There are 2 protein chains.
Amino acid sequence: MLTTFRQLDDSDATPKYMQVERMLREALATDALRPQDALPAERDLAEELGVSRITIRKAIGTLVDEGLLHRRHGAGTFVTGSAQRIEKSSSKISSFSEDMAARGLRSHSEWISRSSGSVTPEESINMGLSPGAPVFRFNRIRYADELPMALEYSTIDANCLRSLDAVESSLYKALAETGNRPTRALQRLRAIAFDEGRAELLKMPLGSPGLLIERRGFLKNGRLVELTTSYYRGDAYDFVAELSD
Amino acid sequence: MLTTFRQLDDSDATPKYMQVERMLREALATDALRPQDALPAERDLAEELGVSRITIRKAIGTLVDEGLLHRRHGAGTFVTGSAQRIEKSSSKISSFSEDMAARGLRSHSEWISRSSGSVTPEESINMGLSPGAPVFRFNRIRYADELPMALEYSTIDANCLRSLDAVESSLYKALAETGNRPTRALQRLRAIAFDEGRAELLKMPLGSPGLLIERRGFLKNGRLVELTTSYYRGDAYDFVAELSD
DNA sequence: GAGTGGTCTAGACCACTCG
DNA sequence: GAGTGGTCTAGACCACTCG
């Protein structure tokens with residue numbers, strides 16, 4: 001197997017290891033590298049691309065972590081076959097708008113309130129922010145195809161958004177614009193009965209079942225940017241999760 | 001914050017970065033490093049332990065990947081607070097017994113029924129089994145610390161278990177004995193209101209909220225072995241999911 | 001400006017695999 | 001024995017954070 005890679009772009013500000021990583025991903029995507037194929041040796045790749053071996057190792061390491069490649073000590077680095085690939089939790093992080101779009105529904109929101117303030121002591125602990133740190137709060141009713149689907153109460157680290165008005169329809173879009181879209185999230189789900197206030201907002205009977213979802217959204221560096229509590233109609237929404245060992 | 005670490009053991013054949021990693025884990029476990037604490041700078045740690053900075057970075061990198069630490073460019077490396085920590089285990093496939101054990105609860109079951117039969121037409125489609133294929137059905141009330149927690153209705157491909165009696169308390173244990181423990185599962189969650197029959201079995205008021213969980217468990221080769229529908233008490237059970245992009 | 005993590009180099013030696 | 005990945009060093013320069 002002989003693959004030739006083009007040279008790195010010196011004018012590109014992207015770190016070299018990411019450029020190498022992208023190059024390898026493309027080779028995998030275009031089948032220039034096929035399952036079971038051996039990659040060129042790290043030293044050879046390093047020489048060919050004019051970077052150090054450590055840079056090559058860092059790029060390969062990411063793909064190994066993702067299960068796309070695997071290394072065998074003394075033997076080489078190989079492309080993982082699709083059959084042997086371990087699918088990482090395919091539970092993708094997505095916003096309400098994206099979630100509804102994936103279900104083929106059109107979404108819009110109605111604002112309950114939108115305000116700036118500072119963290120409560122409880123939030124301060126939960127979000128790892130200093131006491132008094134500025135936050136934005138976004139409270140709205142979320143609709144899917146004209147049906148009131150959920151109530152959503154979000155608290156966002158104010159440093160992660162340009163302004164209070166930056167959020168039009170999609171919070172995640174606004175966070176992405178400043179490079180602060182969460183890449184990981186922890187969600188806690190529980191079944192609850194709607195109290196009078198929430199039942200009314202969602203036009204549901206008092207006491208009917210709903211799904212309470214608490215979400216904590218984190219940046220790549222581990223910092224918490226989002227703390228959202230949502231109440232979904234039990235009759236119209238279900239949540240899918242993939243588990244693996 | 002001042003933490004002193006003992007020197008590395010030169011006679012230890014374990015790679016240095018793993019020794020450093022273990023050292024940091026111990027500091028975290030014994031609260032020598034507490035949430036929000038800053039670690040010593042990488043250069044300082046390297047000097048203190050007599051290793052290169054790259055070795056320190058590799059050790060820290062592992063813990064960052066696990067979410068135990070997080071780095072802030074230009075600021076330092078910090079201990080992640082437990083509230084902001086993402087539990088890896090959350091997307092792990094586990095049985096009811098294991099799930100309860102992880103929450104520090106003791107579990108047992110009460111059988112509603114246990115029978116062998118053949119697939120219904122609906123199951124046949126869902127499980128990819130030929131019409132009339134043999135299955136076992138296990139229906140039980142699941143208790144956590146004497147509290148009725150859930151109703152569980154499982155249908156299992158009969159070829160995957162030694163016998164109907166092979167299942168004592170843990171279904172997954174019995175499946176593991178024949179090498180047929182699912183490695184992947186797809187779960188669907190929804191909020192429901194308990195009907196009279198289920199409310200009575202769980203000693204809950206009629207109409208109180210519950211979590212309906214439908215689980216499909218797959219072997220590594222993609223074959224479906226388990227089809228389980230569970231009803232969890234809404235007031236006592238929550239489900240945690242980890243999402244990523 | 002001082003300190004921090006992020007990237008990168010050009011080497012080195014080791015343990016392992018393969019024919 | 002030749003080739004491979006695994007570990008490790010002692011530097012270097014950069015971008016970022018903080019007071």
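Scope of this entry: the structure provided in the associated data block. The model shown is predicted, which means the values in this text are computed figures rather than measured ones.

With respect to topology, seven strands assemble into an open sheet ordered β9(A)-β6(B)-β7(B)-β8(B)-β5(B)-β4(B)-β3(B), the strand pairing being antiparallel. For this open sheet the edge positions go to β9 (238-244) of chain A together with β3 (107-118) of chain B, each flanked by a neighbour on one side alone. Taken pair by pair, the neighbouring strands of this sheet meet at an average axis angle of 15°, ignoring direction. Inspection of the sheet shows β3 of chain B paired to strand β4 (residues 134-144) of chain B by 11 bridges, in the antiparallel sense. Looking at β4 of chain B, one finds that G117 of chain B is bridged to V135 of chain B.

Next up on the list: the sheet that holds strand β8 (residues 224-233) of chain A. Here we have seven strands laid out as an open sheet, ordered β3(A)-β4(A)-β5(A)-β8(A)-β7(A)-β6(A)-β9(B), and antiparallel in their pairing. Lying at the two open borders of the sheet, with one neighbouring strand each, are β3 (107-118) of chain A together with β9 (239-244) of chain B. Between one strand and the next, the sheet's axes are offset by a mean angle of 15°, whatever the strand orientation. In the sheet, strand β6 (residues 184-193) of chain A pairs with strand β7 (residues 209-218) of chain A via 10 bridges, with the strands oriented antiparallel. Bridge assignment links A185 of chain A to a residue of β7 of chain A, and that residue is G217 of chain A.

Let's shift gears to unusual backbone geometry. Non-glycine residue D31 of chain A carries a positive phi angle of around 65°. As for its position among the elements, D31 of chain A is in the loop between α1 (16-29) and α2 (42-49). Phi is positive for D145 of chain B, close to 50°, though the residue is something other than glycine.

With that settled, the discussion passes to the environment of T62 of chain B. All names here are of chain B. Here T62 shows up in helix α3 (residues 53-65). Take T62: its relative accessible area is 24%, and that puts it in the partly exposed class. Spatially, the C-alpha atom of T62 lies 9.4 Å from that of M18, the residues being 44 residues apart in sequence. With sequence-adjacent residues up to four places away left out, T62 is seen in contact with E21 and R25.

Residue and element names in this part refer to chain A. A rise of 1.5 Å per residue sets the reference length of α1, with its 14 residues, at 20 Å; its end C-alpha atoms lie 20 Å apart and thus fit the reference within 8%. Where the residues of α1 are buried, they touch α2, α3 (53-65), β1 (69-72) and β2 (76-79). One or two steps after α1, the chain reaches D31, where phi turns positive at roughly 65°.

This brings us to the environment of E48 of chain B. Structurally, E48 of chain B can be placed in helix α2 (residues 42-49). Taking the C-alpha atoms as reference points, E48 of chain B and F5 of chain B, 43 residues apart in sequence, are found 7.9 Å from one another.

Before going further, it helps to spend a moment on the protein's contact with DNA strand D. As a structural note, the neighbourhood of DNA strand D is formed by 28 residues, with K16, Y17, S52, T55 and R72 of chain B the closest of them. When the atoms of DNA strand D within 4 Å of the protein are grouped by moiety, sugar and phosphate amount to 62% of the total. The side chain of R53 of chain B places a nitrogen or oxygen atom 3.3 Å from a base nitrogen of DNA strand D. Contact distances for DNA strand D include 3.4 Å between a sugar or linking oxygen and a backbone N or O atom of G74 of chain B. Mapped onto the surface near DNA strand D, the elements with two or more residues apiece are α2, α3, β1 and β2 of chain A together with α1 (16-29) and α3 of chain B. Looking at which element gives the most residues to the surface near DNA strand D, the answer is α3 of chain B, with four residues.

With that out of the way, let us pick up the packing of α2 of chain A against α3 of chain A. Each pair of packed helices gets described by two things: the angle between the helix axes and the distance between those axes. Residue and element names in this part refer to chain A. Relative to each other, α2 and α3 sit at 110°, their axes nearing to 8 Å. As far as their axial angle goes, α3 and α2 are roughly perpendicular. Between α2 and α3 lies a crossing whose hand is right-handed. For the pair formed by α2 and α3, the contact residues are E42, R43, L45, A46 and L49 on the first element and R53, I56, R57 and I60 on the second. Its residues assigned to classes, the contact of α2 with α3 comprises five nonpolar, no polar and four charged.

Attention shifts here to the environment of Y153 of chain A. All names here are of chain A. In this fold, Y153 is placed in strand β5 (residues 147-157). Residue class for Y153 comes out partly exposed when judged on its relative accessible area of 24%. Taking C-alpha positions, Y153 is 6.7 Å from R140, a pair spaced 13 residues apart along the chain. Those residues in contact with Y153 that lie beyond four places of it in its chain are F138, N139, R198, L227, T228, T229 and Y231. There is a polar contact of 3.3 Å between the side chain of Y153 and the side chain of R198.

Moving on, we come to the protein's contact with DNA strand C. As a structural note, the neighbourhood of DNA strand C is formed by 28 residues, with K16, Y17, S52, T55 and R72 of chain A the closest of them. For DNA strand C, the backbone makes up 62% of the atoms found within 4 Å of the protein, where backbone means sugar plus phosphate. Residue R53 of chain A places a side-chain N or O atom 3.3 Å away from a base nitrogen belonging to DNA strand C. R71 of chain B is positioned with one of its side-chain polar atoms (N or O) 3.2 Å from a phosphate oxygen of DNA strand C.

Residue and element names in this part refer to chain A. Counting across every chain of the model gives 27 salt bridges over all chains. Close ionic contact of R142 with E152 constitutes a salt bridge, the shortest N to O distance being 3.3 Å. Of the two residues, R142 is situated in strand β4 (residues 134-144) and E152 in strand β5; the sequence distance between them amounts to 10 residues. On the accessibility criterion, R142 (2% relative accessible area) is buried.

Attention shifts here to the packing of aromatic side chains. Inspection of the entire model under this criterion finds 10 aromatic pairs over all chains. Plain terms: the ring middles of F96 of chain A and Y232 of chain A are 6.2 Å apart, the flat faces sit at 35° to each other, and that makes the pair tilted. Here F96 of chain A, found in helix α4 (residues 96-102), pairs with Y232 of chain A, found in strand β8; they are 136 residues apart in sequence, far enough to count as distant. In this structure, F96 of chain A and Y232 of chain A share a single accessibility class: buried. Arranged with centres 6.3 Å apart and planes meeting at 70°, the rings of F136 of chain A and F138 of chain A form a pair that is edge-to-face. For F138 of chain A, a relative accessible area of 1% puts it in the buried group. An aromatic cluster of at least three residues, connected via ring pairs, comprises F96, Y232 and Y237 of chain A. Seen from the ring of Y231 of chain A, R198 of chain A lies directly overhead, with NZ or CZ sitting 4.0 Å from the centre. Of note, K58 of chain B hangs over the ring of Y17 of chain B, and the distance from its end group to the ring centre comes to 4.4 Å.

Definitions and limits used
Residues numbered from 1 in each chain as written. Chains lettered and ligands numbered in written order. Predicted model: local features only at pLDDT ≥ 70, side-chain atom pairs only at ≥ 80, totals over all residues. Heavy atoms only, no water. Pairing = 2+ DSSP bridges. Helix = DSSP H or I, 4+ residues; strand = E, 2+ residues; numbered from the N terminus. Axes fitted to C-alpha atoms, helices over the stretch in contact; angles between N-to-C directions. Buried < 20%, exposed > 50% of the residue type's maximum accessible area, 1.4 Å probe, protein only. Contact = heavy atoms within 4.5 Å. Expected span 1.5 Å × (residues − 1). Near = heavy atom within 4 Å. Polar contact = N/O pair within 3.5 Å; in protein donor to acceptor, adjacent residues only side chain to side chain. Parallel < 35°, antiparallel > 145°, perpendicular 65-115°, else oblique. Left-handed = near helix turned anticlockwise from the far one by under 90°. Nonpolar A, V, L, I, M, F, W, Y, C, P; charged D, E, K, R; others polar. Salt bridge = Lys/Arg side-chain N within 4 Å of Asp/Glu carboxyl O. Phe/Tyr/Trp six-rings, centres within 6.5 Å; stacked < 30°, edge-to-face > 60°. Lys NZ or Arg CZ within 6 Å of the ring centre and 35° of its normal.

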